[in-house]
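Next come the chains, spelled out residue by residue.
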Amino acid sequence: MNYRKDIRNIVIVAHVDHGKTTLVDAMLKQSKVFRDNQKLGELIMDQNELEREKGVTILAKNTAVLYRGVKINIIDTPGHADFSGEVERVISMADGCLLLVDSVEGPMPQTKFVLRRALEGGLKPIVVINKIDRQNSRIAEVNSLIQDLFLELATNADQLDYPLLYVSAKEGIAVTEEGMQGKDIMPLFECILKNIPPPQIENGPLQMLVSNLDYDSHKGRIAIGRIWRGKIAPHDSAVSISADGSITNCEIGEVFTYLGLKRLKVEEAEAGDIVAVTGFEGINIGDTISSPEQPEVLPRIDVGEPTVEMTFGVNTSPFAGNEGCFGTTRQLRARLYKELETNLSLRVQDTDSSDTFMVRGRGELHLAILIETMRREGYEFEVSQPAAITKVVDGKLMEPVEALTIDTSDKYIGVLTEMLSSRQAQLVDMRNEGYGNVRLEFHIPTKGLIGFRNSFIVATRGESTMNSIFLGYRPWCKGTTSTRSGALVAAERGVALTYGLNNAQGRGVTFIEPGTTVYEGMIVGLNSRPQDIAVNVCKEKKKTNVRASTSDISIKLTPPVKMSLEQAIDFINNDELVEVTPENIRLRKKLLTQAQRARSTFNALRGVRVTK
Ligand SMILES: Nc1nc2c(ncn2[C@@H]2O[C@H](COP(=O)(O)OP(=O)(O)OP(=O)(O)O)[C@@H](O)[C@H]2O)c(=O)[nH]1
Ligand SMILES: [Mg+2]
């Protein structure tokens, strides 16, 4: 065995928002891979449009810096639990990990999840307590919580002896002792060089595992991964080995390595490095690229199962075809199946209905990001309420359960526990974090979380945060979870008017502005009572020659509640749909006319009576 002393491969893992991408900014800026006058901004690695808008990382990405002649390949990963598949996908490329922990929040459920994956993968950890500049940071406490976490998760004693750094990614400083005055991020680079083992390499014929794919309109599909054995060079012959073991012959096109945000074209790359190569049109993530003389497969990437499902269907609203470029069954199907090539923890299945597909993901956000991406690409379609994926084990129906962590103020404890107990949640831990802040931990079936986010934001006036992470499957428990009141449903097609909307506001909260075109069955607001009611938002005031009073001159409407896509998905019940087009997100009843809905309710009631 040899080592590539000129390389280190690290992955950065943490809970959401603990500062991974900001730390990569600091490493990139201070390693001088950019020109001094180059404008860089913040969160340099969060390049895609949705990442920039939402301020979260969605896809794991590679970059590299040079420090004292050593190339450090860095993989930035997303911290949101819904994108855990991304972490699982890339972890095998690295030999070490930087585990970031926020100096105020301390370890969170996702911190534990990613650390477990990293330790299981045999990665050498470096712990980084980040955001030490924060006012109420509680470093000593966080430190001891991290120790507890390692005691729980370490697979061997060596792992308990981890190097620890105190960092402010935002200010670009790292120090080795608490309270030390820092000046730059160099102690982190030093720590990586000293503690992360250089890649161990085997001499012999080429073997590379594909961990990511990219596309280029000229170069075609680009396979990204780590070379485990041998060398790779343009025009070499190679084979790709797919999941079913089939072998395809190819010629390597171009070979690139990483530096900063660029890919550098190289004449040759060797084992231990992370490269991007072209020339493999049909290749997938998890496939092995190998030499034709000795085609040996590497273990495939192990990714967790999805927990939430929803249907994606062809748009059946009366406005279908008006706003999207792609909306046919064939286009929708092709797009969804294409997503499987890169979105490893996603599943797509045909259903009994030819124009509806079942899509399964790791959480509501995982699916919402796909919906938003497709919408921006010009697709229009409709999606159902998400549902937890149940499964039968030894003849028993099982359902997913999640650990829910809520950081809130003590004044909301009562209302939150009440809301959550009706959703079958169990309080497992409650800790006072000081300053009137508390951390509540619940175990809750995934189905209880569906539709919870909106009411959570309202109940805590947007002052609290919630995070959930998959725990495992447990026997299914009966219970209804929806606590939402009825919908205000448009009674006819037309254009909503102030007068009609004002009447609707007498019943509840409205979601649309005057001038919005509506169709019968479209949801235009939330009733204050449990039942749905039809409202005529297109109603005009009868014209008379006599003005009754000055109050008639202008009606003041309460501004409508505008929902984001995620809120819309969270809002709907199982007899409702979200209609998604590049221009609009509409909510609707599945059955559009009042007559259809009345008949369905009647049949449902009759069904209950018959079975009794
Ligand atoms: N005060 C302070 N804020 C920081 C520091 N590092 C990051 N932040 C802030 O924390 C927020 C989240 O930072 P990101 O770098 O996007 O966090 P992340 O871990 O990449 O988040 P995800 O990729 O979405 O999981 C941003 O508003 C940063 O400005 C730090 O050292 N100090
Ligand atoms: Mg990030």
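In this text the structure is predicted, and so the values were computed from the model without any measurement.

Peer 1: Describe in detail the overall build of the protein, supporting the description with residues and values.
Peer 2: Within the protein, the regular secondary structure consists of 14 helices and 37 strands. For 612 residues, the compact-globule estimate of 2.2 N^0.38 gives 25 Å, and the C-alpha radius of gyration of the protein, at 27 Å, lies within 12% of that figure. Overall, the protein is about 90 × 60 × 60 Å in size when its C-alpha atoms are taken along their principal axes. By residue count, 51% of the 612 residues in the protein fall in the buried class. Of all intrachain contacts in the protein linking residues separated by at least 6 positions in sequence, the fraction that spans at least 24 positions is 71%. Taking the 73 positively charged and 79 negatively charged side chains of the protein as two groups, their mean positions are separated by 6 Å.

Peer 1: With reference to specific residues and values, describe a negative patch on the surface.
Peer 2: Among the surface-exposed residues, Asp236, Glu251, Glu267, Glu268 and Glu270 lie close enough to one another that they form a single negatively charged patch. Take Glu267: it is sitting in the loop between strand E16 (262-266) and strand E17 (269-270). According to the relative accessible area criterion, Glu267 is exposed, its value standing at 65%.

Peer 1: Account for the environment of Thr316, naming residues and giving values.
Peer 2: With respect to the helices, strands and loops of the structure, Thr316 is situated in the loop between strand E20 (308-314) and helix H7 (329-339). Here the alpha-carbon distance between Thr316 and Phe381, two residues 65 residues apart in the chain, equals 8.0 Å. Once residues lying within four places of it in the same chain are set aside, the contact partners of Thr316 are Glu382 and Arg588. Polar side-chain contacts of Thr316 include one of 2.8 Å to the side chain of Glu382. Side chain to side chain, Thr316 and Arg588 meet in a polar contact 2.9 Å long.

Peer 1: Quick one: what's the story with the sheet that holds strand E15 (residues 255-259), residue by residue and with numbers?
Peer 2: Strand order in the open sheet formed by eight strands is E14-E13-E19-E10-E11-E18-E15-E16, and the pairing between neighbours is antiparallel. Strands at the two margins of the open sheet, each flanked by one partner only, are strand E14 (247-251) and E16. Taking each pair of neighbouring strands and ignoring which way they run, the sheet shows an average axis angle of 40°.

Peer 1: Tell me about the coordination of the magnesium ion (ligand 2), residues and numbers included.
Peer 2: Each pair of donors in an ideal octahedron of six around a metal sits at 90 or 180 degrees, and each pair in an ideal tetrahedron of four sits at 109.5 degrees. Looking at the magnesium ion (ligand 2), the protein donor atoms are Thr21 (OG1) and Thr57 (OG1), and they sit 1.9 to 2.0 Å from it. Residue Thr21 is located in helix H1 (residues 20-30), and its partner Thr57 is located in the loop between helix H2 (49-54) and strand E3 (61-67); the two are separated by 36 residues in the primary sequence. The exposure classification of Thr21 matches that of Thr57, with both residues buried.

Peer 1: Outline the nonpolar core, listing residues and values.
Peer 2: Inside soluble globular proteins, nonpolar side chains tend to come together where they are buried. Residues Val11, Leu99 and Ile146 are the most contacted members of the largest nonpolar core, which totals 39 residues. In terms of residue count, helix H5 (residues 139-153) provides more of this core than any other element does, six residues in total. Filtering out sequence-adjacent residues up to four positions away, Val11 remains in contact with Ile75, Thr77, Val90, Ile91, Ala94, Gly96, Cys97, Leu98 and Leu123.

Peer 1: Could you give me a rundown of the environment of Leu367, with the residues and numbers involved?
Peer 2: Tracing the backbone shows Leu367 in helix H8 (residues 364-376). Distance from Leu367 to Ser564, taken between C-alpha atoms, is 14 Å for residues 197 residues apart in sequence. Here Leu367 is in contact with Val308, Met310, Leu346, Val359, Arg360 and Gly361, once residues within four sequence places are set aside.

Peer 1: Which residues make up helix H12 (residues 498-505), and what values go with them?
Peer 2: Those residues of H12 that fall on the buried side of the exposure criterion are Gly500, Leu501, Ala504 and Gln505. For H12, the buried positions fall inside an angular range of 140° around the axis, keeping them on one side. Turning to H12, the residues buried within the fold contact strand E30 (487-490), strand E32 (508-510) and strand E35 (533-535).

Peer 1: An account of the site of ligand 1 is needed here, citing residue identities and associated values.
Peer 2: Looking at ligand 1, there are 18 residues lining it, with Lys20, Thr21, Thr22, Thr57 and Asp133 nearest. Between an oxygen atom of ligand 1 and a side-chain N or O atom of Thr21, the distance comes to 2.7 Å. About the coverage of ligand 1: the protein hides 85% of its 650 Å² of free accessible area. The element best represented in the shell around ligand 1 is H1, accounting for three residues. Class assignment for the residues of the shell around ligand 1 results in four nonpolar, eight polar and six charged.

Peer 1: Can you break down the environment of Val128 residue by residue, with the values?
Peer 2: With respect to the helices and strands, Val128 occurs in strand E6 (residues 124-130). Once the C-alpha coordinates of Val128 and Ser168 are considered, the two residues, 40 residues apart in sequence, prove to be 9.5 Å apart. The residues contacting Val128, other than those within four sequence positions of it, are Leu98, Leu99, Leu100, Val101, Leu165, Val167 and Leu188.

Peer 1: Tell me what's going on with the pairing of E30, and back it up with residues and numbers.
Peer 2: Here E30 shows no split at all, with Ala487 and Val489 on one side and Leu488 and Ala490 on the other all buried. When E30 meets E35, the two strands line up parallel, connected through three bridges. If you follow Ala490 over to E35, its bridge partner there is Val535.

Peer 1: Before we move on, could you go through unusual backbone geometry and cite the residues and values that matter?
Peer 2: The backbone of His235 shows a phi angle near 70°, a positive value even though the residue is not glycine. Along the polypeptide, His235 turns up in the loop between strand E12 (231-232) and strand E13 (237-241). A residue is classified by how much of its surface remains accessible, and His235, at 60% relative accessible area, is exposed. Unlike most non-glycine residues, Gln424 shows phi in positive territory, near 65°. Along the chain, the position of Gln424 falls in the loop between helix H9 (413-421) and strand E27 (426-434).

Peer 1: Tell me what's going on with the state of the cysteines, and back it up with residues and numbers.
Peer 2: Under the defined criterion, the tally for this structure stands at zero disulfides. Cys97 supplies the cysteine sulfur nearest to Cys191, a cysteine that is in no disulfide, at a spacing of 11 Å.

Peer 1: Report on the sheet that holds strand E4 (residues 70-76), specifying residues and quantitative values.
Peer 2: Spatially, seven strands are ordered E3-E4-E2-E5-E6-E7-E8 in an open sheet, and the strand pairing comes out mixed. This sheet does not close on itself; its edge strands, each paired only once, are E3 and strand E8 (173-175). Here the strands of the sheet are splayed against their neighbours by 30° on average, with no regard to which way each runs. Pairing geometry for E3 and E4, over seven bridges, is antiparallel.

Peer 1: Provide a residue-level description of the side chain of Asp76, including the pertinent values.
Peer 2: In this structure, Asp76 sits in strand E4. Of the buried charged residues, Asp76 lacks a salt bridge, with Lys61 as the closest side chain of opposite charge at 5.3 Å. Ignoring any residue separated from it by four or fewer positions in sequence, one finds Asp76 in contact with Lys20, Thr21, Val24, Met45, Asp46, Thr57, Leu59, Ala60 and Lys61.

Rules and cut-offs
- Residues numbered from 1 in each chain as written.
- Chains lettered and ligands numbered in written order.
- Predicted model: local features only at pLDDT ≥ 70, side-chain atom pairs only at ≥ 80, totals over all residues.
- Heavy atoms only, no water.
- Helix = DSSP H or I, 4+ residues; strand = E, 2+ residues; numbered from the N terminus.
- Rg over C-alpha atoms; globule rule 2.2 N^0.38 Å.
- Buried < 20%, exposed > 50% of the residue type's maximum accessible area, 1.4 Å probe, protein only.
- Contact = heavy atoms within 4.5 Å.
- Lys, Arg positive; Asp, Glu negative; His and termini not counted.
- Charge placed at Lys NZ, Arg CZ, Asp CG, Glu CD.
- Patch = residues over 30% accessible without salt bridge, like charges linked within 9 Å, V, L, I, M, F, W, Y side chains within 5 Å.
- Areas by Shrake-Rupley, 256 points an atom, 1.4 Å probe, with all protein chains shown as cover.
- Salt bridge = Lys/Arg side-chain N within 4 Å of Asp/Glu carboxyl O.
- Polar contact = N/O pair within 3.5 Å; in protein donor to acceptor, adjacent residues only side chain to side chain.
- Pairing = 2+ DSSP bridges.
- Axes fitted to C-alpha atoms, helices over the stretch in contact; angles between N-to-C directions.
- Donors = N, O, S within 2.8 Å, 3.2 Å for Na, K, Ca; no water.
- Core = buried A, V, L, I, M, F, W, Y, C linked by side-chain atoms within 4.5 Å.
- Arc of directions from axis to C-beta.
- Near = heavy atom within 4 Å.
- Nonpolar A, V, L, I, M, F, W, Y, C, P; charged D, E, K, R; others polar.
- Disulfide = S-S within 2.5 Å.

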